[in-house]
Amino acid sequence: MTYTIKDTVEELKAGKVTSAQLVQNSIDAFEADKKSELPLNAFLEIYDDVLDLAKKADEEISKARADGTMDSLFEQKPLLGIPFANKDNISVQGKRLTCSSKILQGYVAPYNATVIKRLKDAGAIPLGRCNQDEFAMGSSTEYSSYGPTRNPINREYVSGGSSGGSTAAVSANQAIFGIGTETGGSVRLPASYCGVYGLKPTYGVLSRWGVVAYGSSLDQVGIMGHTPQDIASPLSVMCGTDFYDDTSTDLPGFENLKKLQAYSDEEISKMKIAIPKQFLETKGMDPDVSSVFDSVRKWFEAKGAKIETVDLPILDASIASYYVIALSEAASNLSRFDGIRYGSRVDNGQGYDELYVDTRSAGFGPEVKRRIIIGNYVLSEQFSGDTYKKGMSVRARIQREVAALFENYDLILCPTCPTAAFKLGSKVDDPLEMYLSDLFTTFVNLARIPSISIPAGNTSEAKGKMPVGIQFAGKMFDEVKILRLAQSWENEHQGCGIPVRS
């Protein structure tokens, strides 16, 4: 059975299920999975206090039922008793946080990330930390010191990355919703591969306080769920300005997320939708992805929406601009992991320089090392940062041109990825091929706009009937619009034939 937040809240209120039962189901699934021949490896651990938190939630619900104050309780705590999956780079006070890296083994978070605090204040229960690509650097969750996370639809395939663990946990019904992070598509990509919804909000809408940094000007917390409402509900309690994050901002109209209303056909008929020409002409686009994309386009057309192909040549530079910026910022951010202040340490007693080099050599995996080396090369004295500045200049132009596009259009429609999920190990030794998985997602992060990946169909039988995601991207702070559109899609397609995960 696939649980949604809305259905689960109703069952909690009615006493048909308890939070402790929901949590125990997740614990049982986690324990059974560890003994599987092909373990999913979505959760790295279940937190040791989850049952206690669930029982406290059940006590609150029982008391409200007896007092007749149930509606008031859930108005104050709309996610009371709902367990969720947490990525291993988001701080939960008193719990281990490793970013799936050897260099942070043994590190315990001293405080809650703002998004965790707000979810807990709303009654939600963090189940445990989930696998990811090391320091969020990857597109498949194969670059993890804990081994890869498998795809719940077919365990011989990747789950996507870097938030593959929490996404796979949602897809496999080990958690009701999940949170992750993305710098260039790390929420939407695994959502597409695993057949669930995945939202990257406008930059700043969700605080980054307590989230381990990769590329600070690009990083954003995101949400995965079985329905758009499963994303809207957590977003409504997590969003908003945070004293500890100067880049944070409020989300206009966030109250409309609490009871998400799908758009009517009449409302959709008045919309103008842009399809970037650059994405239609991409070499290497899987024909099955093109077919699914065409079906979504026809769905909009059948409702009367006006769809036009637009020319945005600057988008051809998005993947290059993204990697110049992201890797430069990663090299800077990861310089703090030195074996001195926290995490693992390799100390041969030869001085601080040797300690620094030996610790980082042993602690970082090959993909992280690759990105640090490239980032430092871009920022090196020979270049004097010119390449990074050029990357930022291209980014600024992307922001301007995308913003100008939204003066005439309501939505950008494009695939989430050129292909569906691929087999484990098939791209891990080909970094360039892996990087191109982000071809359709990075422009969203560069433009700082919101985008949601919807489960829109499957590949052919010959290609394993793997899920295919399509993106709805809106202008800055258009979260409500794209979620309402996604809910319209969900109301008519309800999972779009993607298999029920177990």
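Up top you'll find the structure we're talking about.
Conventions we followed
- Residues numbered from 1 in each chain as written.
- Predicted model: local features only at pLDDT ≥ 70, side-chain atom pairs only at ≥ 80, totals over all residues.
- Heavy atoms only, no water.
- Helix = DSSP H or I, 4+ residues; strand = E, 2+ residues; numbered from the N terminus.
- Buried < 20%, exposed > 50% of the residue type's maximum accessible area, 1.4 Å probe, protein only.
- Polar contact = N/O pair within 3.5 Å; in protein donor to acceptor, adjacent residues only side chain to side chain.
- Contact = heavy atoms within 4.5 Å.
- Phe/Tyr/Trp six-rings, centres within 6.5 Å; stacked < 30°, edge-to-face > 60°.
- Axes fitted to C-alpha atoms, helices over the stretch in contact; angles between N-to-C directions.
- Parallel < 35°, antiparallel > 145°, perpendicular 65-115°, else oblique.
- Left-handed = near helix turned anticlockwise from the far one by under 90°.
- Nonpolar A, V, L, I, M, F, W, Y, C, P; charged D, E, K, R; others polar.
- 1 Å grid on protein atoms, 1.4 Å probe; cavity = no way out; pocket = protein on both sides within 12 Å on 5 of 7 lines; lining within 4 Å.
- Points joined across faces, edges and corners; volume = space filled by probe spheres on them.
- Lys, Arg positive; Asp, Glu negative; His and termini not counted.
- Salt bridge = Lys/Arg side-chain N within 4 Å of Asp/Glu carboxyl O.
- Core = buried A, V, L, I, M, F, W, Y, C linked by side-chain atoms within 4.5 Å.

Colleague: Help me get a handle on the side chain of S192, residues and values and all.
Modeller: Along the chain, S192 turns up in helix α7 (residues 188-194). Residue class for S192 comes out buried when judged on its relative accessible area of 3%. Reaching out from S192, the side chain makes a polar contact with the backbone nitrogen of G469 at a distance of 2.8 Å. Each residue touching S192, except ones within four places of it in the same chain, is listed here: T416, S453, P467, V468 and G469.

Colleague: Could you give an account of the packing of aromatic side chains, with specific residues and numbers?
Modeller: In total, this model carries 17 aromatic pairs according to the counting rule given. Arranged with centres 5.8 Å apart and planes meeting at 75 degrees, the rings of F135 and F364 form a pair that is edge-to-face. With F135 in the loop between β3 (125-130) and α6 (164-171) and F364 in the loop between α13 (352-363) and α14 (366-378), this residue pair connects regions lying 229 residues apart in the sequence. Pairing W299 with W489 gives two aromatic rings, centres 5.1 Å apart and planes at 85 degrees, and the pair type is edge-to-face.

Colleague: Before we move on, could you go through the packing of helix α12 (residues 318-333) against helix α15 (residues 386-405) and cite the residues and values that matter?
Modeller: The description of two helices packed together rests on the angle between their axes and the distance between the axes. Look at α12 against α15: their axes get within 9 Å of each other, and the N-to-C directions meet at 130 degrees. On the basis of their axis angle, the class for α12 and α15 is oblique. In the crossing of α12 with α15, the sense of the turn from one axis to the other is left-handed. Contacts from S318, S321, V324, I325, S328 and E329 of α12 reach α15 at T387, Y388, G391, M392, V394, R395 and I398. Of the residues in the contact of α12 with α15, the class split is 6 nonpolar, 5 polar and 2 charged.

Colleague: Lay out the layout of surface pockets in plain terms, naming residues and giving numbers.
Modeller: Volume-wise, the second largest pocket comes out at about 410 Å³. Lining the second largest pocket are 20 residues, with Y111, V211, V212, A213 and R336 positioned closest to its centre. Residue composition of the lining of the second largest pocket, by class: 12 nonpolar, 4 polar and 4 charged.

Colleague: Go over the side chain of K200, please, and point to the residues and values.
Modeller: Tracing the chain through its elements places K200 in strand β5 (residues 197-200). Despite its burial, K200 remains without a salt bridge, the nearest opposite charge being carried by E182 at 5.9 Å. Engagement of the side chain of K200 in a polar contact is seen with the backbone oxygen of I449, the distance being 2.9 Å. Residues within four places of K200 in sequence aside, it is in contact with E182, R188, Q220, V444, N445, R448, I449, P450 and S451.

Colleague: Can you explain the nonpolar core? Please cite residues and give values.
Modeller: Counting 144 residues, the largest nonpolar core has F135, F177, L235, F300, I452 and F472 as the members making the most contacts within it. Element by element, the count of residues in this core is highest for α12, at 7 residues. Apart from residues no more than four positions distant in its own chain, L235 is found in contact with L199, P201, V205, L206, I223, L251, L257, E479 and L483.

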